Amino acid sequence: MKTDHLQNNELIIKVAGHLEEKRGIYQMALSWTDCNGERNRKSVSTGLTVKGNKKRAETMLQKTRQEYEEMLMQAQQEKEEQPENPDEDRKILFADFMEQWLDVIRPDIKLTTYGGYCMNVKTVIAPYFREKGIYLQDLTASDINDFYAEQLKRVKATSVHKYHANISKALKYAVEKDFIPYSIMDKVKRPKKERFVGKFLKQSEVVALFEAVKGHKLELGVILGAFYGLRRGEIVGLKWEAIDFEVNTITIEHTVTMATINGKRIVVAADTTKSKSSYRTLPLVPTFRAKLLAIREEQQYYKKLCGKSYNKAEGVYIYVDQLGNRIKPDYLTREFPDFMVEHEFRKMRFHDLRHSCASLLLACGVPLKQIQEWLGHSDFAITANTYAHLEFNSKLASANAMTWIDKTSLSQLPPEPIAPHLQLPAPVLM
């Protein structure tokens, strides 16, 4: 039975919903029937813990249902208004098409992913092609190549690869909807991506950094980044419930990230990780176990001291300030480089601590496969391509196998540098 109908020439789509509990977090289970009679379902996290947040979750559910109803009705109305014949009247500016495509994919992707797509489309792709006045149906591979060439004057190839991915997905959708007969992207030349090599701290530098950051607001983030190799969102999203002090484990299962939606920066907390492999359990080493217990005791002290002023909702997180407010992800990326310069370390990004973790693991003889599991990479190729140049043991074995060099005159040289007091022969002047 359809729940959508026409009333006063306006399409009405009703979205039903209820709250479900998953790992202590309220989830919004949404369902609706489209104009074709097909049943659709979607689960959206509220980011709210079950305890003490039922009313807030119900309010969020009601608002989300309304937003989905408006979004679905708008998409369906636009579909109904399109002419049946793909003639000149059906032409649409490529810039407008890209922005409409964003509305189509929004219900099916993560909010953080959607935010990244919006940044690419609304601030770069759409403005460029709107100025050119190019229609979707008239778009050519040369137009795309010219766009890439123009962008490479201001950004690296990595950014252009993101634009390429967005345009490719959008044109694939255009083909599926018969807006265009085929995608031109097979003829587009994607720029060669530069190989990025992150900065790495040596063991002695990490030890010095841990001492320098002791007692600083950055301390917990630096420890989790350099020793455990956690991503920024995994660090800020770490909750006390993820720590098992009985079996001494840390489970990475919740993230807190930033997203830019319609020009506004928002915090996104979700019981999801970057990929399936990012969900992982790591051992809680004794040194860090003691550190966490000290942090928990300190938080309990401030919670009692601050009383009602303490943020109990965010107090479930480990990385909070004295009032229980969760540390914002942007704080780490903004403050860490300045801290490094102020304390006379090499300037680097916060994410480079993750690279340093991998480097130190390799130096300790840990195989790349185990490093993949430790860092939570979705594919071994990512680990190998990023860190294979640091792998030393196999190169050492290769060097030891080249015994033929011992048969040359080089093997007759003193094993130690010549003492400075020894007199070398004077150079022969030509």
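You'll find the structure just up there.
A brief look at the structure comes next. (Residues numbered from 1 in each chain as written. Predicted model: local features only at pLDDT ≥ 70, side-chain atom pairs only at ≥ 80, totals over all residues. Heavy atoms only, no water.)

This next bit is on the overall build of the chain. Regarding its fold elements, the chain presents 14 helices and ten strands. Among the 430 residues that make up the chain, the fraction classed as buried is 41%. When contacts within the chain are restricted to residue pairs at least 6 apart in sequence, those whose partners lie at least 24 apart make up 60%. A total of about 26,200 Å² of accessible surface is found on the chain, and carbon and sulfur atoms cover 52% of it. (Helix = DSSP H or I, 4+ residues; strand = E, 2+ residues; numbered from the N terminus. Buried < 20%, exposed > 50% of the residue type's maximum accessible area, 1.4 Å probe, protein only. Contact = heavy atoms within 4.5 Å. Areas by Shrake-Rupley, 256 points an atom, 1.4 Å probe, with all protein chains shown as cover.)

In a regular helix each residue adds 1.5 Å, so 14 residues correspond to 20 Å; helix H10 (residues 329–342) covers 21 Å between its end C-alpha atoms and thus fits that length. Residue Glu335 marks the point of greatest curvature in H10, where the axis turns by about 30 degrees; the proline Pro337 follows within four residues. If you check which residues of H10 are buried, you get Pro329, Tyr331, Leu332, Phe336, Pro337, Phe339 and Met340. Summarising the contacts, the buried residues of H10 are in contact with helix H6 (203–212), helix H7 (219–226), helix H8 (232–236), strand S8 (255–261) and helix H11 (352–363). Following H10 by one or two positions, Glu344 adopts a phi angle in the positive range, close to 60 degrees. (Expected span 1.5 Å × (residues − 1). Bend = angle between axes of the 7 residues up to and from the residue.)

The strand order S6-S7-S10 describes an open sheet built from three strands, whose pairing is antiparallel. The open sheet terminates on both sides in strands that have one partner only, identified here as strand S6 (243–244) and strand S10 (280–283). Relative to strand S7 (residues 249–252), S6 runs antiparallel, the two sharing two bridges. Each bridged residue has a counterpart across the sheet, and for Ile243 the counterpart in S7 is Ile250. (Pairing = 2+ DSSP bridges.)

This paragraph deals with the side chain of Gln27. Following the sequence through the fold, Gln27 ends up in strand S4 (residues 25–33). A distance of 3.4 Å separates the side chain of Gln27 from the backbone nitrogen of Ser45, its partner in a polar contact. Contacts of Gln27, omitting those with residues within four sequence positions, involve His18, Leu19, Glu20, Lys22, Ser43, Val44, Ser45 and Asp271. (Polar contact = N/O pair within 3.5 Å; in protein donor to acceptor, adjacent residues only side chain to side chain.)

Here we come to the pattern of salt bridges. Counted according to the given criterion, the structure contains 13 salt bridges. Arg232 serves as the salt-bridge partner of Asp330, at 3.2 Å between the closest nitrogen and oxygen. Here the residue Asp330 occupies a position in helix H10, and Arg232 occupies one in helix H8, the gap between them amounting to 98 residues. Judged by its relative accessible area of 22%, Asp330 is partly exposed. (Salt bridge = Lys/Arg side-chain N within 4 Å of Asp/Glu carboxyl O.)

On to H6, then. Residues of H6 that are buried: Glu205, Val206 and Leu209. Projected onto a plane normal to the axis of H6, the buried residues spread over an arc of 100 degrees and lie on a single side. Seen from the buried face of H6, the exposed residues on the opposite side, beyond 90 degrees, are Gln203, Ser204 and Glu211. (Arc of directions from axis to C-beta.)

On S7, burial covers both faces: Thr249 and Thr251 on one face and Ile250 and Ile252 on the other are all buried. Adjacent in sequence and paired antiparallel, S6 and S7 are bridged by four residues, among which Asn248 carries a positive phi angle near 60 degrees. Where S7 meets S10, four bridges bridge the pair, whose relative direction is antiparallel. Across the sheet, the residue bridging to Ile252 is Arg280, located in S10.

A word on the sheet that holds strand S5 (residues 39–49). In a beta sheet, neighbouring strands are held together by backbone hydrogen bonds and run either parallel or antiparallel to one another. Pairing is antiparallel in the open sheet, where three strands are placed in the order S3-S4-S5. Of all the strands in the sheet, the pair left with one neighbour each is strand S3 (15–22) and S5. The sheet shows a mean angle of 25 degrees between the axes of neighbouring strands, taken without regard to direction. Two strands pair when backbone bridges link them, and S3 and S4 are joined in this way by eight bridges, in the antiparallel orientation. (Axes fitted to C-alpha atoms, helices over the stretch in contact; angles between N-to-C directions.)

Throughout the structure, instances matching the rule amount to 18 aromatic pairs. Judged by centre distance (5.8 Å) and plane angle (50 degrees), the ring pair of Phe147 and Tyr148 falls under tilted. Grouping residues by exposure puts Phe147 and Tyr148 together as buried. Residue class for Phe147 comes out buried when judged on its relative accessible area of 0%. Among the aromatic residues, ring-to-ring pairing joins Phe94, Phe97, Tyr128, Phe129, Phe147, Tyr148, Tyr163, Tyr173 and Phe179 into one connected group. A cation over an aromatic ring shows up here: Lys91 above the ring of Tyr135, its NZ or CZ 5.5 Å from the ring centre. Positioned above the aromatic ring of Tyr331, the side-chain terminus of Lys217 is 4.6 Å from the ring centre. (Phe/Tyr/Trp six-rings, centres within 6.5 Å; stacked < 30°, edge-to-face > 60°. Lys NZ or Arg CZ within 6 Å of the ring centre and 35° of its normal.)

Counting 53 residues, the largest nonpolar core has Leu209, Tyr228, Phe288 and Leu292 as the members making the most contacts within it. Counting only elements with at least two residues in this core, the list comes to H6, H7, H8, S7, helix H9 (286–306), H10, H11 and helix H12 (368–375). Of all the elements, H11 adds the most residues to this core, at six residues. Ignoring any residue separated from it by four or fewer positions in sequence, one finds Leu209 in contact with Leu201, Val222, Phe336, Phe339, Met340, Phe345 and Leu353. (Core = buried A, V, L, I, M, F, W, Y, C linked by side-chain atoms within 4.5 Å.)

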